[in-house]
There are 2 protein chains.
Amino acid sequence: MSRTSQADKRRTLNAQKITEAAIELADSQGIEALSMRKLATQLGVTAMSIYNHVANKDDLLSLMLDHVVSEFERPQIKGDWQETMRRRAHSMRQAFLRHPWAPPLLISTITNGEQTMRDTDATLGCLINAGFTYAAADWARNAIDSHIYGYTMQELNFPVEPDEYKAAAAHYLPMIEKSDFPYLHGATLALVNGEYDGVTQFDFGLNLLLEGLARQLQSGQLS
Amino acid sequence: MSRTSQADKRRTLNAQKITEAAIELADSQGIEALSMRKLATQLGVTAMSIYNHVANKDDLLSLMLDHVVSEFERPQIKGDWQETMRRRAHSMRQAFLRHPWAPPLLISTITNGEQTMRDTDATLGCLINAGFTYAAADWARNAIDSHIYGYTMQELNFPVEPDEYKAAAAHYLPMIEKSDFPYLHGATLALVNGEYDGVTQFDFGLNLLLEGLARQLQSGQLS
DNA sequence: ACCTGAACACCGTTCAAGT
DNA sequence: ACCTGAACACCGTTCAAGT
């Protein structure tokens, strides 16, 4: 009987199952809760079994990240490059909202997985096809990705939800001395008074970049 | 004699000394090498002594981050807002190059320290003084910071140094199948052939943002 | 008031032993 | 070929005991 149950485990456990369980654990409990021991428990197995399928925890994280990248919408080479870049950016933000642990790890990843290479290839392809030089395509991709990563990481770590901004501002206002922080005080007061809603826009920065790129491309600075 | 040495320790150890030693350790050995035990050894003291001056490791990290923020150039309220924002951005990038562990922690920090509030106040002040509404100043600051954080984190984690790009490209080229990754292959080949240098520019994305903001401000969309 | 050693509840990972 | 338990070298932090 113990033979059968072990045989069952052998059939079920593999790198993909481990990766999926790890992502689910990191999504629901946070990345700091992802330990080899907890993951093993979730899988109904001993911590050490995992090492038969992945080299170590870093290897597991790489597999998890490559899966996240697979959720990015792959750019079409042909077509409206601005719209294609916008669709990719939005899909990346959505993937990061589903997997909030991913951006800091993904941006720090040294070796690139299969999916990352596919994403980079298609992104460069779209821009080059639109008339960008290799150098300009590289700069453009870098600037767009900076915004996607920087914006979503700020967004993910913002301490209050959009529908609580006004209440939070009213709560913090007394702690922001008008004499010490006049503009922060003014901005917080404007929020309390409903003069603006405090919601930043992903598309605001993205449009600044895309419109600037379009303008430079049209005037021949990038081609 | 043991009395004197303990009295000496009491005089020397304080939150500021601990913070400085922690920053030095993180700068030189990496943030993952910063443990309470190693930090204590560096300070010639027991790990537990540290807890007499900081609440816990998170508290220590907050103190470290507030010090990093103090190295940002504080925006002048009056003056050329574009130039002021550019100076702040460059000083932030330089601070992050000195303290590469800081950006992911700083962008994730929930509670803001004194220096962070001063930076935010002066940044908003500069933009509001230039004619931005509260909302527009918030969007602008968010977009600029997204670029600073996103760009520097990509830069800090890029696996090769600029003067090794060409050699690295030549090394990786055979691994990038032309049929699988045509554009990545082409870009790498262009790098090997010296058609472009592969160096991305911090100012490229920053200028796109600032020029776009200036254009929208001038046309009355943000005021 | 501050420093200390022992202890607790965790980690990732190695290794020899099982089947 | 894969799973396991014990062990090692680490963590952050609590607590009672010192001065």
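A short tour of the structure in this document, coming up. Just so we're clear, the structure is a prediction, and the values are computed from it rather than from any experiment.

A closer look at the protein's contact with DNA strand C
(1) Moving on: Close to DNA strand C lie 20 residues; R37, M48, Y51 and K57 of chain A together with S49 of chain B are nearest.
(2) Moving on: In DNA strand C, atoms within 4 Å of the protein come 51% from sugar and phosphate.
(3) Moving on: Interatomic distance of 2.8 Å between a side-chain N/O atom of Y51 of chain A and a phosphate oxygen of DNA strand C.
(4) Moving on: Between DNA strand C and the protein, one listed contact pairs a phosphate oxygen with a side-chain N or O atom of K57 of chain A at 2.8 Å.
(5) Moving on: Every element with two or more residues in the surface near DNA strand C is listed here: α3 (36–42) of chain A together with α1 (2–12) of chain B.
(6) Moving on: Ranked by the residues each element gives to the surface near DNA strand C, the list is headed by α3 of chain A, at three residues.
(7) Moving on: Among the residues making up the surface near DNA strand C, the classes are represented as seven nonpolar, six polar and seven charged.

What about the packing of aromatic side chains?
(1) Moving on: Scanning all chains against the criterion turns up 14 aromatic pairs over all chains.
(2) Moving on: Here W139 of chain A and F204 of chain B contribute two aromatic rings whose centre-to-centre distance is 5.4 Å and whose plane-to-plane angle is 50 degrees, an arrangement assigned as tilted. Of this pair, W139 of chain A sits in helix α9 (residues 134–157) while F204 of chain B sits in helix α11 (residues 202–218), on two different chains.
(3) Moving on: For the ring pair W81 of chain B and F132 of chain B, a centre distance of 5.2 Å and an interplane angle of 80 degrees mean the geometry is edge-to-face. You can see W81 of chain B sitting in helix α5 (residues 81–98) and its partner F132 of chain B sitting in the loop between α7 (114–129) and α8 (134–156), a full 51 residues away along the chain. Exposure class is identical for W81 of chain B and F132 of chain B. Each is buried.
(4) Moving on: Here the aromatic residues F72, F96 and Y149 of chain A are joined through ring pairs into a cluster of three or more.

Comments concerning the protein's contact with DNA strand D
(1) Moving on: Near DNA strand D there are 20 residues, and of these S49 of chain A together with R37, M48, Y51 and K57 of chain B occur at the shortest range.
(2) Moving on: Near-protein atoms of DNA strand D (within 4 Å) split between backbone and bases, with sugar and phosphate holding 51%.
(3) Moving on: Backbone polar atom of M36 of chain B to a phosphate oxygen of DNA strand D: 3.0 Å apart, as the coordinates give it.
(4) Moving on: Contact distances for DNA strand D include 3.3 Å between a phosphate oxygen and a side-chain N or O atom of K38 of chain B.
(5) Moving on: Looking at the surface near DNA strand D, the element that brings in the most residues is helix α3 (residues 36–42) of chain B, giving three residues.
(6) Moving on: The class makeup of the residues in the surface near DNA strand D is seven nonpolar, six polar and seven charged.

Remarks on the relation of the copies chain A and chain B
(1) Moving on: Between the two copies, chain A and chain B, the superposition gives an RMSD of 0.0 Å; the rotation angle is 180 degrees and the shift along the axis is 0.0 Å. In short, the pair behaves as if placed about a two-fold rotation axis. The rotation axis passes nearest to the C-alpha of G150 of chain A in chain A, at a distance of 2.1 Å.
(2) Moving on: When you check the interface residues of chain A against chain B, 100% turn up at the interface there too, and the contact is symmetric in its surfaces.

Points about the nonpolar core
(1) Moving on: By size, the foremost hydrophobic cluster in this structure holds 136 residues, and its most contacted members are W81 and F132 of chain A together with W81 and F132 of chain B.
(2) Moving on: Those residues in contact with F132 of chain B that sit more than four places away from it in its chain are W81, L127, A137, A140, L213, L217 and L222 of chain B.

Topic: the pattern of salt bridges
Any two side chains of opposite charge can pair, so long as their charged atoms come close to each other.
Residues and elements named next belong to chain A.
(1) Moving on: Under the counting rule described, the total for this entry stands at 20 salt bridges over all chains.
(2) Moving on: Two residues, D119 and R88, come together in a salt bridge whose shortest N-O distance is 2.9 Å. Note that D119 is positioned in helix α8 (residues 114–129) and R88 in helix α6 (residues 81–98), a separation of 31 residues in sequence. You'll find D119 and R88 in the same group, each marked buried.
(3) Moving on: Ionic pairing is found between R141 and D138, a salt bridge with its closest N-O pair at 3.6 Å. In this pair, R141 and D138 both sit in helix α9, three residues apart, roughly one turn of the helix.
(4) Moving on: On the accessibility criterion, D138 (11% relative accessible area) is buried.
(5) Moving on: A network of salt bridges, in which partner residues are shared, links R74, R88, D119, D138, R141 and D145.

Definitions and limits used
Residues numbered from 1 in each chain as written. Chains lettered and ligands numbered in written order. Predicted model: local features only at pLDDT ≥ 70, side-chain atom pairs only at ≥ 80, totals over all residues. Heavy atoms only, no water. Near = heavy atom within 4 Å. Polar contact = N/O pair within 3.5 Å; in protein donor to acceptor, adjacent residues only side chain to side chain. Helix = DSSP H or I, 4+ residues; strand = E, 2+ residues; numbered from the N terminus. Nonpolar A, V, L, I, M, F, W, Y, C, P; charged D, E, K, R; others polar. Phe/Tyr/Trp six-rings, centres within 6.5 Å; stacked < 30°, edge-to-face > 60°. Buried < 20%, exposed > 50% of the residue type's maximum accessible area, 1.4 Å probe, protein only. Least-squares fit on C-alpha atoms with pLDDT ≥ 70 in both. Contact = heavy atoms within 4.5 Å. Core = buried A, V, L, I, M, F, W, Y, C linked by side-chain atoms within 4.5 Å. Salt bridge = Lys/Arg side-chain N within 4 Å of Asp/Glu carboxyl O.

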